[in-house]
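# Working through the structure, step by step
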Amino acid sequence: IDAQERVPAWAPTLALRSAEHLCRHKRYHAASQVLLQAMDDYPEFPQRYEYALLQARCAIAVVDFESASTVLHTVLQSPHAESHEALPKAEWLLGEIHFMQHDYATAITYYRRAAERVNFPDWQVRLQMAKCQESLGQSQAALDNYRQAVESQISPQNAQEARGRIATLSEALGAPVR
């Protein structure tokens, strides 16, 4: 009997859930170790992209953007991730990496790609793109996106932030606050 055949069907998922638990408790190094071992132990696991997404989140948490970016690009190239929400998640995380590095134009590109792939929360995309546009000096585009974010199903805390930015930008542009 092949060693892979002796692995219980639930084992790859258990490794993923264990790593998720470690991440929730901010034990990123331990989670990364579990994920790396799982990648070696379960090379045929169809949802390996889930390992990669979590690995990227761990790397982002410890500000290892280069490693996170590399892992996320492997997700984008994974044939198993093609019909799953993994692709927009990977593109969203790449947008977040570029946002944290103040590369706002590239961040906008990834945010747009994430939004185009799946029914990603529109307010979230609009809010992040507005922040990028504001940082790039594209005040009118930022104002438009903040307004559209507020008009969609946005959380109260984020709506308050967006309304504050709308007021500030409207005043700076001499535009009416709506």
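To start, this report covers the structure provided alongside it. What you are looking at is a predicted structure, and each value in this text was computed from that prediction instead of being measured.

Now for the overall build of the protein. For the protein, the helix and strand inventory stands at 9 helices and 0 strands. Ordering the α and β elements of the protein from the N terminus gives α-α-α-α-α-α-α-α-α. Taken over the C-alpha atoms alone, the protein extends approximately 75 × 30 × 25 Å along its principal axes. Accessible surface for the protein amounts to roughly 10100 Å². Of this, 50% is attributable to carbon and sulfur atoms. Averaging the coordinates of the 17 positive side-chain charges in the protein and doing the same for the 21 negative ones gives two points 6 Å apart.

Now for the pattern of salt bridges. Taken as a whole, this structure holds 5 salt bridges when the rule is applied. Where Lys89 meets Glu85, a salt bridge forms, and the shortest distance between an N and an O atom there is 3.1 Å.

To continue, consider the layout of surface pockets. Of the voids in this model, the largest pocket is the one considered here, and its volume is about 200 Å³. Lining the largest pocket, in full, are Met39, Pro46, Arg48, Tyr49, Ala52, Val71, Thr74, Val75, Ser78, Pro79 and His80. At the level of elements, helix H3 (48-61) and helix H4 (65-76) are the ones that each hand at least two residues to the lining of the largest pocket. In the lining of the largest pocket, the residues fall into 7 nonpolar, 3 polar and 1 charged.

With that settled, the discussion passes to helix H8 (residues 139-151). Taking 1.5 Å per residue as the helical rise, H8 with its 13 residues ought to reach 18 Å, and the 18 Å between its terminal C-alpha atoms agrees with that figure. Residues Ala142, Leu143, Asn145, Tyr146, Arg147, Ala149 and Val150 constitute the buried set of H8. Looking at the buried positions of H8, the neighbouring elements they touch are helix H7 (122-135) and helix H9 (156-173).

Cut-offs and rules
- Residues numbered from 1 in each chain as written.
- Predicted model: local features only at pLDDT ≥ 70, side-chain atom pairs only at ≥ 80, totals over all residues.
- Heavy atoms only, no water.
- Helix = DSSP H or I, 4+ residues; strand = E, 2+ residues; numbered from the N terminus.
- Areas by Shrake-Rupley, 256 points an atom, 1.4 Å probe, with all protein chains shown as cover.
- Lys, Arg positive; Asp, Glu negative; His and termini not counted.
- Charge placed at Lys NZ, Arg CZ, Asp CG, Glu CD.
- Salt bridge = Lys/Arg side-chain N within 4 Å of Asp/Glu carboxyl O.
- 1 Å grid on protein atoms, 1.4 Å probe; cavity = no way out; pocket = protein on both sides within 12 Å on 5 of 7 lines; lining within 4 Å.
- Points joined across faces, edges and corners; volume = space filled by probe spheres on them.
- Nonpolar A, V, L, I, M, F, W, Y, C, P; charged D, E, K, R; others polar.
- Expected span 1.5 Å × (residues − 1).
- Buried < 20%, exposed > 50% of the residue type's maximum accessible area, 1.4 Å probe, protein only.
- Contact = heavy atoms within 4.5 Å.

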